[in-house]
Amino acid sequence: MIIFKTSKKLTEPISLSHRKKNEWMKRLLTRAKHVGDGGEVPIAAVILDIKGRCIGYGVNKREKMNDPLGHAELIALRQASLIKDDWRFNDCTLIVNLEPCPMCAGALIQARMGQVIFGAEDPKRGAFGGTINLAEHKSAHHNMLISKGVLEEESRKLIVNWFKDKRIISKNI
């Protein structure tokens, strides 16, 4: 792979300790559970700047907003771009409890997100290794750091149990 250097000096994203990653993921799992209790798929995301400050936060709102773009990652990106006053996120980190889908992964690549950290892999729709890895696709013009498996079991259980409960409720109606 050829890496092109730009004339603009790019800043690396923050390096988070194992403890900090777990702290952020615990917060996201708590919020995702709350969102799941409200009927949305329980996914929450946060974007951190180079100093580790939250500049964007999102939860799934597809049902609430009747919006196919109401994914946690996209909502967090929109908020962070307003706060940062830029669409480039080379020096930022997105943390989310489930591996991003192809739409969100594509948006993160287009936004030049510096680092993506997620909890559970999505074997059905994951686009950073679950079913496909868009970060390594020949069309990807940007290199990003990807970490997975942060509180993986808790993240996976939250999603699996939410869908299981949804199926049980549907059968009883």
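Bear in mind the structure is a predicted one, so any value in this text is a computation, not a measurement.

(A) Broad picture of the nonpolar core. Counting residues in hydrophobic clusters, the biggest one holds 34 residues, and the most contacted among them are Ile47, Leu77, Phe89, Leu94, Met113, Val116 and Phe128. Of all elements in the fold, only β1 (44-48), α3 (72-84), β3 (93-98), α4 (102-110), β4 (115-120) and α5 (152-172) reach the threshold of two or more residues within this core. Leu29, Ala44, Leu48 and Val150 belong to the second largest nonpolar core, which has 17 residues in total.

(B) Region of interest: the pairing of β3. Along β3, six of the six residues are buried, which leaves the element largely enclosed by surrounding structure. For β1 and β3, the ladder comprises four bridges, and the chain directions are antiparallel. Residue pairing in the sheet places Leu48 in a bridge with Thr93 of β3. Two elements, β3 and β4, share five bridges in a ladder whose sense is parallel.

(C) Looking closely at the packing of α3 against α4. As a packed pair, α3 and α4 sit with axes 9 Å apart at the nearest point and diverge in direction by 25°. Comparing their axes, α4 and α3 come out roughly parallel. For the crossing formed where α3 meets α4, the hand is left-handed. Touching Glu73, Leu74 and Leu77 of α3 are Met103, Cys104, Ala107 and Leu108, all from α4. When the residues that make up the contact of α3 with α4 are grouped by side-chain class, the tally is six nonpolar, no polar and one charged.

(D) Spotlight on the side chain of Glu73. By secondary structure assignment, the location of Glu73 is in helix α3. There is no salt bridge for the buried Glu73, and the closest opposite charge comes from Arg62, which lies 9.2 Å off by N-O distance. With residues near it in sequence (within four places) discarded, Glu73 still touches Ala45, Leu94, Val96, Leu98, Pro100 and Cys104.

(E) Representation of the pattern of salt bridges. For the structure shown, the criterion picks out eight salt bridges. Connected through shared salt-bridge partners, Arg19, Lys20 and Glu23 make up one network.

(F) A look at the pairing of β4. Of all six residues that make up β4, six are buried, and the element is covered over most of its length. Where the polypeptide runs from β3 across α4 and back to β4, its parallel neighbour, the crossover connection is right-handed. Relative to strand β5 (residues 145-148), β4 runs parallel, the two sharing four bridges. Within β5, the residue paired with Val116 across the bridge is Ile146.

Analysis parameters
- Residues numbered from 1 in each chain as written.
- Predicted model: local features only at pLDDT ≥ 70, side-chain atom pairs only at ≥ 80, totals over all residues.
- Heavy atoms only, no water.
- Core = buried A, V, L, I, M, F, W, Y, C linked by side-chain atoms within 4.5 Å.
- Buried < 20%, exposed > 50% of the residue type's maximum accessible area, 1.4 Å probe, protein only.
- Helix = DSSP H or I, 4+ residues; strand = E, 2+ residues; numbered from the N terminus.
- Pairing = 2+ DSSP bridges.
- Axes fitted to C-alpha atoms, helices over the stretch in contact; angles between N-to-C directions.
- Parallel < 35°, antiparallel > 145°, perpendicular 65-115°, else oblique.
- Left-handed = near helix turned anticlockwise from the far one by under 90°.
- Contact = heavy atoms within 4.5 Å.
- Nonpolar A, V, L, I, M, F, W, Y, C, P; charged D, E, K, R; others polar.
- Lys, Arg positive; Asp, Glu negative; His and termini not counted.
- Salt bridge = Lys/Arg side-chain N within 4 Å of Asp/Glu carboxyl O.
- Right-handed = clockwise from strand over helix to strand, strands pointing away.

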